[in-house]
Amino acid sequence: MDTELIVQGAYLAASALFVLALMWMSSPKTARRAVRCGEVGMLLAVVGTLIRHDVVSYDLVLIAMLIGTAVGAPMAYLMPMTAIPQRTAISHAFGALAVGLIGAAEYYKLAPTLPAGSFVLWALMLEMLLGFLTCTASVIAFAKLQEIMPTRPIMFAGQRVLNVLIFAAALGCAGMLIFVPTSSQLFPLFIALALLFGVLLVIPIGGADMPTVIALLNSYAGLAASAMGFALDNKLLIIVGALDGTSGFILAVIMCKAMNRSFSNVLFGGFGQLAAGPAGKVEERPVRSMSAEEAAPVLELASSVVIIPGYGMAVAQAQHRVAELYEHLEEMGVDVKFAIHPVAGRMPGHMNVLLAEADVPYDKLVELEDINPEMPQTDVALVIGANDTINPAARDDPNSVIAGMPIIEADKARTVMIVKRGMAAGFAGIDNPIYFNENTQMLFGDAKKMAEQLVKELQEL
Amino acid sequence: MHQASSTTDLLFVFMLAAFLGFQLIKRVSPLLHSPLMSLTNAIAAVVIVGAITITGAADATPLAKTLGFIAVTAATINAVSGLLITDRMLKMFRRKGE
């Protein structure tokens, strides 16, 4: 009895620490304290569990924890910051796999003794359904982000019908297993269907929608952990799962709003249609272009410059050169800010991390709603590897596929400079009228090389 | 009767935690959304407590031990890499002049 009290006390303290961790994530000043809290919480939860009286053998547990640490630590230290979304996706896959397997082990242990339709069976089935589908969905998201798989949406005729059928079949199996516990031969089929459904859920989703997908998978993984808490009668798991589930859910809703996507579309998968559209008609309209040599004096004479980074900057690994450019301009007395679109990058807040890595102070990063009112007074909007997030068609053309998507209004600046390799369309695969505006200058070239050249030209002025 | 009340207890806990989650996450600056996600991802690895209970139980079958072993490994990877990379990200966020 005493041990049980200590265990519950450890779980209670761990829950409190996890809540505090989320509270302290609200500001960069307290955020590192939040991580410490998370670490101590996790330690308490693990130690608390190890002293439970029903845990008697430690050898396998300790070996598994050693292996996990040996794999996890290098994953955290060796990943470049541009690969953070992939790491998060594969980490979701590991977490969800753990949830699914624990559910399976519990099922084999408990199913013979449980009455048909009991609450624990319901919770176990929900846990495994969410766990296994999140696992394969996360693996596919990882493969797309790592470009092992094509990032474009994979679609085929009858896809939606097939998805609904697979999901219905998985639910049917779960129902049988809940109400007829003797039908355990259906159990492997149930797991296979859940795994398959996870794959089908993510393959039709394109690269541009990845921030939403990652957030949604985070939410599913959390809900799976909560379901496990219901099955095992463990309040710590319920609390942490609910916190994780709501966190992912809120971020997914924010990402949807930032791209003007309907949330119901996202929940049911297959919402990458925007990126699937055919490339816009190629128009033979003149564009104005500038060399770095010509652009440098314009930047030097500006009193305010807003840099708008996009994924093109990340792909070119140009964040360090862009940060140098920022420093040079600041030294010359130019007021420089960075405008961050919520979906710039491949996961929520990814662009902030990339710029932080390059030592850009975070108080220079301004969000969309705050920077847009300043754009008409801005001398130069310098767009680096971003297309769709500045496309004025979203605002002006109700027929555009991205109509209604909030954009950074770069076109309202006095001069717009767009660093771009060529005239190819961006992720949304559509034309961008900003390229043809009178006040737009194209700086053709790779983001990294162009930033380097601009720095060099500024030094020579 | 006791069983029914414990089930509703769990639902109450879930509901309150979800509301708390909404309130807490709403206050997180978009600046920190990436670290937030890797932190929540890492702490969800607390499912390791279930995996440990299964693997270490006295009556664990070889199947339960195998599944539990993989689950402990996977959850540990999740927790360790998630917590470490969150800290690595946060270390980079600096104000001007810091």
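Everything numeric here is computed off the predicted structure, so don't read it as measured data.

> For this particular structure, what's the right way to read the overall build of chain A?
For chain A, the helix and strand inventory stands at 18 helices and 6 strands. At 25 Å, chain A has a C-alpha radius of gyration in line with the 23 Å of a compact globule built from 461 residues. Along the longest, intermediate and shortest principal axes, the C-alpha atoms of chain A span 80 × 50 × 35 Å. By the burial criterion, 59% of the 461 residues in chain A qualify as buried.

> Help me out: how do you make sense of the packing of helix α9 (residues 235-259) of chain A against helix α2 (residues 33-43) of chain B in this one?
For the pair α9(A) and α2(B), interaxial distance at closest approach is 9 Å and the crossing angle is 150 degrees. If you check the angle between α9(A) and α2(B), you find them roughly antiparallel. Crossing geometry of α9(A) relative to α2(B) is assigned as left-handed. Seen from α9(A), the contacting residues are Val240(A), Asp244(A), Ser247(A), Leu251(A) and Ile254(A); seen from α2(B), they are His33(B), Leu36(B), Met37(B), Thr40(B), Asn41(B) and Ile43(B).

> Even after reading the chapter, I still don't get the pattern of salt bridges, so can you show me in this structure?
When their charged atoms lie close together, side chains carrying opposite charge are able to pair. Residues and elements named next belong to chain A. With the rule as written, the count across this model stands at 15 salt bridges over all chains. With a closest N to O distance of 3.9 Å, Arg321 and Glu452 form a salt bridge. Linking Arg321 in helix α14 (residues 319-331) with Glu452 in helix α18 (residues 447-460), this pair joins segments that are 131 residues apart in sequence. Accessibility expressed as a relative area gives 38% for Glu452, which makes it partly exposed. A salt bridge links Asp379 to Arg414, with the shortest nitrogen-to-oxygen separation between them at 2.6 Å. Remark: Arg414 occurs in the loop between α17 (393-396) and β5 (415-420) and Asp379 occurs in the loop between α16 (368-371) and β4 (380-384); sequence separation between them is 35 residues. Looking at Asp379, the relative accessible area reads 17%, which means it is buried. Owing to a relative accessible area of 49%, Arg414 belongs among the partly exposed residues under this scheme.

> What am I meant to see in the confidence of the model for chain B here?
It should be kept in mind that the predicted coordinates are not to be read in detail where pLDDT is low. Residue and element names in this part refer to chain B. Across chain B, the average pLDDT comes to 92, with 94% of residues at 70 or higher. Confidence, read as mean pLDDT per element, is least for helix α1 (residues 2-26) in chain B (88) and greatest for helix α4 (residues 62-92) (97). Note on the complex model: pTM 0.92, ipTM 0.95.

> Just checking my understanding: could you explain a nonpolar patch on the surface for this structure?
Residues and elements named next belong to chain A. A surface patch of nonpolar side chains, amounting to about 360 Å² of accessible area, comprises Ile6, Leu43, Val47 and Ile51. Mapped onto the elements of the fold, Ile51 is located in the loop between α2 (31-50) and α3 (59-78). The class for Ile51 is partly exposed, based on a relative accessible area of 36%.

> What exactly am I supposed to notice about empty space enclosed by the protein here?
The full count for this structure, using the stated rule, is 3 cavities of 30 Å³ or more. Contributing to the lining of the second largest cavity are His92(A), Gly95(A), Ala96(A), Val99(A), Ala221(A), Ala225(A), Asn41(B), Ala44(B), Val47(B) and Asn78(B). Those elements that provide at least two residues to the lining of the second largest cavity are α4 (84-110) and α8 (210-232) of chain A. If you tally residues by element for the lining of the second largest cavity, the top one is α4(A), at 4 residues.

> What is the right way to look at the sheet that holds strand β6 (residues 440-444) of chain A in this model?
The strands making up a sheet associate through hydrogen bonds between their backbones, and the pairing can be parallel or antiparallel. All names here are of chain A. Pairing in this open sheet of 6 strands is parallel, and the strands run β3-β2-β1-β4-β5-β6 from one edge to the other. Of all the strands in the sheet, just β3 (365-367) and β6 have a single pairing partner and so form its edges. The mean inter-strand angle of the sheet, taken between neighbouring strand axes irrespective of direction, is 25 degrees. Two elements, strand β1 (residues 304-309) and β4, share 5 bridges in a ladder whose sense is parallel. Counterpart to Val306 in the pairing with β4 is Ala381.

> Sorry if this is basic, but what is going on with the side chain of Ser34(B) here?
With respect to the helices, strands and loops of the structure, Ser34(B) is situated in helix α2. Once you skip the residues sitting within four places of it in the chain, Ser34(B) turns out to touch Met347(A), Pro348(A), Gly349(A), His350(A), Val353(A) and Met89(B).

> Is there a simple way to explain unusual backbone geometry in this structure?
All names here are of chain A. Positive phi outside glycine occurs at Asp233, with the angle close to 55 degrees. As for its placement among the helices and strands, Asp233 is situated in the loop between α8 and α9. Its identity is not glycine, yet Asn260 carries a phi of approximately 55 degrees, on the positive side. Along the chain, the position of Asn260 falls in the loop between α9 and α10 (263-267).

Reading guide: rules and limits
- Just so you know, the residues in each chain are numbered from 1, in the order the chain's sequence is written.
- Note on labels: chains are lettered from A, ligands numbered from 1, in written order.
- The predicted nature of this model means local features are confined to residues of pLDDT at least 70 and side-chain atom pairs, given and counted, to a pLDDT of 80 or more, with totals for whole chains, interfaces and linings taken over all residues.
- Neither water nor hydrogens contribute to the side-chain values; these are computed over all heavy atoms in the structure.
- Helix and strand definitions here come from DSSP, where helices need a minimum of 4 consecutive H or I residues and strands a minimum of 2 consecutive E residues; each element is numbered from the N-terminal end.
- The atom set for the radius of gyration is the C-alpha atoms, and the globule formula is 2.2 Å times the number of residues raised to the power 0.38.
- Burial classification: accessible surface area is computed with a 1.4 Å probe over protein chains only, and a residue below 20% of its type maximum counts as buried, one above 50% as exposed, and the rest as partly exposed.
- Throughout, an axis means a line fitted to C-alpha atoms (over the contacting stretch in the case of helices), and angles, computed between N-to-C directions, take values from 0 to 180 degrees.
- Each angle receives one of four descriptions, namely roughly parallel if under 35 degrees, roughly antiparallel if over 145, roughly perpendicular if within 65 to 115, and oblique otherwise.
- Note on convention: near helix rotated counterclockwise from far helix by under a right angle means a left-handed crossing. Clockwise means right-handed.
- The criterion used for residue contact is that any of the two residues' heavy atoms lie within 4.5 Å.
- By salt bridge we mean one thing: a side-chain nitrogen of Lys or Arg within 4 Å of a carboxyl oxygen of Asp or Glu.
- What pLDDT expresses is the predictor's confidence in each residue, scored from 0 to 100.
- Only residues whose relative accessible area exceeds 30% and that form no salt bridge enter a patch; like-charged residues are grouped when within 9 Å of one another, and nonpolar side chains (Val, Leu, Ile, Met, Phe, Trp, Tyr) when within 5 Å.
- Under the convention used here, a 1.4 Å probe and the Shrake-Rupley method define accessible areas, while residue burial counts only the protein chains that appear.
- Residues are said to line a cavity or pocket when one of their atoms sits within 4 Å of a point; the points come from a 1 Å grid over protein atoms alone, cavities being sets where a 1.4 Å probe fits but cannot get out and pockets being open sets with protein on both sides within 12 Å along at least five of seven lines.
- Grid points are joined across faces, edges and corners, and a volume is the space filled by probe spheres set on the points.
- Here a strand pair is declared whenever DSSP counts at least two bridges between the two strands.

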